[in-house]
Amino acid sequence: MKFENSLGLLEGLNDVQKTAVLHEEGPLLIFAGAGSGKTRVITYRIAHLCRHKNVAPWQILAVTFTNKAAGEMRERLSGILGKKSDDIFVRTFHSLGLYILSRHCEQAGLKSGFSIYDDAAQKSLVKAILKEKKIDPEYISHDAVIQFANRMRDRFDSGAYSSSGHYDKELLGLTDEYFKKLKENNAVDYAGLLYESVKLLNGYPDILALYRNLWKYFLIDEYQDTNHTQYVMGKLLAGENNNLVVVGDDDQSIYSWRGADISNILNFETDYTDCRVLRLEENYRSTAPILKAASSLIANNQKRSKKELFTSKHEGEPVHYRLCGGDLDEVKTIVEKIQSLNSSGISSEDIAVLYRTNAQSRIFEQLFQERGIPCMIIGGFRFYERAEIKDLLAYLYVTVNPSDTVSLERIINVPARGVGEAAIGKLRKLSQERGITLFEAMPFAPEIKGVRSASKIAHLYAMFREASESVFSGTFPSEIAAGILKKSGYLDSLKKNKNPESISRKDNLDEFINAMKEYEEQTLARGDSPDLPGYLQSISLFTDEMKSQEGGPAVSLMTLHNAKGLEYKVVFIAGIEEGYLPHKISMDEGMLEEERRLLYVGITRAKEKLYLSSSRYRRIFGSIQPRMASRFISEIDPDVIEKKEEETSLPYRPDAGRAVHNFNESQRESAIAYKTGERVIHERYGHGTVVTAENTVSGQKITIEFDEDGRSRKFLTAYTPLKKENSA
DNA sequence: CGGCTAGTCATTTTT
DNA sequence: TGACTAGCCG
């Protein structure tokens, strides 16, 4: 990367790319097909502005959709510009919203240190409202309220709703209540980050002017996935000088369910009148067969601006398609293929497995683990979604934002301190009577009759008071967190339970505290002093994926949505069946095209080898169901695809329950088998006797009755520190 | 109030 | 299949 410094920026670019890089003033729309060197063009253009046009880095604002994309762009920029690139403002839309909101929070009706509610917090607040209002969840579900509240703000037109019917009226009332409660809690949810910040820019010309003067050059990536609120944000910030560059590809629009409006990109030309339009149509990523497969598939979409990607690469093996017997066969085939690719010299980090739904990742994870192939699940179960991390975060949120009742209610009885639903109810009632927050009501708990845990509540209150004072006195966030874990009794309660889960929870908390220390060091290195509110904001939108355990090269597993913007030498797409792709809820005319685009996105991630597959039978909700290959498979040009069909493997008779004999047979050989009646030693529980033993998909599952306490516990032998008594 | 059990219900996709 | 919940009992 270093030599990019000495090379001219235009070297090796095609004519369209050059034009895009050299574009200086005015609106520009770049239709950037998959693999057309989009990131390169974007970063080079920014570099060109900085180097040759005397634009200061801090005058440039670049907005992306995911943290990952933002991180990648920063990295590329620093590869070209070096340290200078640090000042370029590269953010996701949501973090841009947060940045603006936190700087003018009073005008937005928020106090500093406001909380950010993720989906789970949003859900629990809505649920609480429904319960309080005694709404039958059968009549109005919390999902309906959430959907409504989000859609409303995605469109930036809360006033435009006619509440004609009963249902709509009630829905509207509930969303209003939800917004009110958010304010009371001094909190913003994800949709609110966008909506409130745009409302702010819209309503305060002086604030808007501030940012217009700051950011003279504005770039939005993945423009096809912007919703209306984001569109308005772009329009406002671009201002009169209109130095707005948007990049996107209507064929890769896959977020309409989140309010994305494809017409933002399709109407850009008419919307920004003196706009220039460029089309990047040469693909540098994929081999010809892969590209042909992709274009033949997407050609079936009606609603799209016609374009055809081309490549100068002509060689390349065909796209492989395999119709497998059952889902386990499919996974096995893929894993074995990966092993053979590995031994032919292709590193795991160049390989990705893609699927439609998160739930599909599990069987892959299992088999990868069994075979000892390192893998990482991108976007699936995130570190910050773990219960213990969320608990600690809730403690920290209450510390800086005592109005945050959602967080307070989350941890008021975690660890268990005898504060049940009844006690909380009484406390809540008192807070309502006196017009104070739940937090402020805590010290009055001893005055309420029948609250036995009053002293504990008062004690917790004192702990929070002490913690918030230490925030002011400049105590480091990591110290505050460590103090809370200790004084709240959280650590003690984990230590009491010696099960493996508690140990891993403790480890996660340690890791979290370490990350805080890292943040503190970095902040200090920049010459700032770290504080808790700042820390919470910096991580609130950051969702780290689980790290590969070994740290070495690992196969990436992710949903098709998560794969956008990435590329791999080898790509597997699994479960291409009716019901998944298209997904069963997206079968109707309107949504079918988006499903097709989703597969298109997946296919175009592949550089050299592409393996598609589906299964004849699949276990869904525990029962085995027959499946059909996706219609999309037959839409791919037969000239570039090589199809193989497997026999239905016998174990998968429809409705045959759990008859997976041959699989278990192969397992039995690999694992150390324990027999019923056998004496064993467990690392933690000591001596015991095996009372049951059965073979499952994830290995041998045994029940041991322990001498020490006479209790029986169940284990998977593969994950248990266990040995036979006589082998010791 | 808290821990356990049995029964229910679920899976799009993400910031 | 397995995660979550309501409801029961200690």
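As a starting point, this report considers the structure included with it. (Residues numbered from 1 in each chain as written. Chains lettered and ligands numbered in written order. Predicted model: local features only at pLDDT ≥ 70, side-chain atom pairs only at ≥ 80, totals over all residues. Heavy atoms only, no water.)

### A word on the state of the cysteines
Stage number 1. Counted under the stated rule, the structure contains 0 disulfides.
Stage number 2. Unpaired in this structure, Cys-324 has its nearest cysteine sulfur neighbour in Cys-375, at a distance of 19 Å.
Stage number 3. By relative accessible area, which is 1% here, Cys-324 ends up buried. (Disulfide = S-S within 2.5 Å. Buried < 20%, exposed > 50% of the residue type's maximum accessible area, 1.4 Å probe, protein only.)

### Re the protein's contact with DNA strand B
Stage number 1. As a structural note, the neighbourhood of DNA strand B is formed by 30 residues, with Asp-119, Arg-356, Asn-358, Gly-418 and Ile-585 the closest of them.
Stage number 2. Near the protein, within 4 Å, the atoms of DNA strand B are sugar or phosphate in 49% of cases.
Stage number 3. One nitrogen or oxygen atom from the side chain of Asn-413 is found 3.2 Å from a phosphate oxygen belonging to DNA strand B.
Stage number 4. Put simply, the parts of the chain that give the surface near DNA strand B at least two residues each are helix H18 (421-434) and helix H25 (560-563).
Stage number 5. When its residues are assigned to classes, the surface near DNA strand B shows 12 nonpolar, 13 polar and 5 charged. (Near = heavy atom within 4 Å. Polar contact = N/O pair within 3.5 Å; in protein donor to acceptor, adjacent residues only side chain to side chain. Helix = DSSP H or I, 4+ residues; strand = E, 2+ residues; numbered from the N terminus. Nonpolar A, V, L, I, M, F, W, Y, C, P; charged D, E, K, R; others polar.)

### Thoughts on the protein's contact with DNA strand C
Stage number 1. Near DNA strand C the following residues occur: Arg-362, Arg-619, Phe-621 and Gly-622.
Stage number 2. Backbone atoms, meaning sugar and phosphate, form 36% of the atoms of DNA strand C found within 4 Å of the protein.
Stage number 3. Measuring from a base nitrogen of DNA strand C, one finds a backbone N or O atom of Phe-621 at 3.5 Å.

### Things to note about the side chain of Ser-556
Stage number 1. Structurally, Ser-556 can be placed in strand S12 (residues 555-559).
Stage number 2. With residues near it in sequence (within four places) discarded, Ser-556 still touches Ile-351, Ala-352, Val-353, Met-376, Ile-378 and Tyr-568. (Contact = heavy atoms within 4.5 Å.)

### Things to note about unusual backbone geometry
Stage number 1. Following Val-414, the chain continues into Pro-415 via a peptide bond in cis, with omega recorded as -5°.
Stage number 2. Counting through the fold element by element, Pro-415 comes out in the loop between helix H17 (405-411) and H18.
Stage number 3. In this chain, Leu-581 is followed by Pro-582 through a cis amide linkage whose omega measures 5°.
Stage number 4. Position of Pro-582 among the secondary structure elements: in the loop between strand S13 (568-573) and helix H26 (589-603).
Stage number 5. Of note in this structure, Lys-134 is not a glycine but carries a positive phi near 55°.
Stage number 6. Take Lys-134: it is sitting in the loop between helix H5 (119-132) and helix H6 (142-154).
Stage number 7. Its identity as a non-glycine residue notwithstanding, Asn-186 has a phi of 55°, on the positive side.

### Points about the nonpolar core
The nonpolar side chains of a soluble globular protein tend to be buried with one another.
Stage number 1. Grouped together as the largest cluster of nonpolar side chains are 95 residues, with contacts concentrated most on Leu-96, Leu-201, Leu-237, Leu-396, Leu-427, Phe-464 and Phe-512.
Stage number 2. Ranked by residue count, the leading element in this core is helix H16 (residues 387-400), at 9 residues.
Stage number 3. If we ignore the near neighbours within four places in the chain, the residues touching Leu-427 are Ile-412, Leu-438, Ala-441, Met-442, Ala-445, Ile-448 and Ile-457.
Stage number 4. Leu-323, Ala-563, Tyr-600 and Val-601 belong to the second-largest nonpolar core, a separate cluster that totals 40 residues. (Core = buried A, V, L, I, M, F, W, Y, C linked by side-chain atoms within 4.5 Å.)

### Considering the environment of Gln-625
Stage number 1. With respect to the helices and strands, Gln-625 occurs in strand S15 (residues 623-626).
Stage number 2. With a relative accessible area of 31%, Gln-625 lands in the partly exposed category.
Stage number 3. Leave out the neighbours within four places in its chain, and Gln-625 touches Arg-616, Tyr-617, Arg-618 and Ile-620.

### Re the packing of aromatic side chains
Stage number 1. Per the counting criterion, the structure on display carries 19 aromatic pairs.
Stage number 2. Here the aromatic rings of Tyr-178 and Phe-179 are separated by 5.8 Å at their centres, their planes lie at 50°, and the arrangement is tilted.
Stage number 3. Judged by relative accessible area, Tyr-178 falls into the buried class, the value being 1%.
Stage number 4. Plain terms: the ring middles of Phe-512 and Tyr-535 are 6.3 Å apart, the flat faces sit at 80° to each other, and that makes the pair edge-to-face. With Phe-512 in helix H23 (residues 500-525) and Tyr-535 in helix H24 (residues 532-540), the pair connects residues that are 23 residues apart, well separated along the chain.
Stage number 5. Feature note: the residues Phe-383, Tyr-384, Phe-512, Tyr-519 and Tyr-535 constitute an aromatic cluster, connected by ring pairs.
Stage number 6. Of note, Arg-103 hangs over the ring of Tyr-99, and the distance from its end group to the ring centre comes to 3.8 Å.
Stage number 7. The ring of Tyr-272 carries the charged tip of Lys-235 above its face, separated from the ring centre by 4.3 Å. (Phe/Tyr/Trp six-rings, centres within 6.5 Å; stacked < 30°, edge-to-face > 60°. Lys NZ or Arg CZ within 6 Å of the ring centre and 35° of its normal.)

So far we have only geometry, and geometry alone does not tell us how the molecule works.
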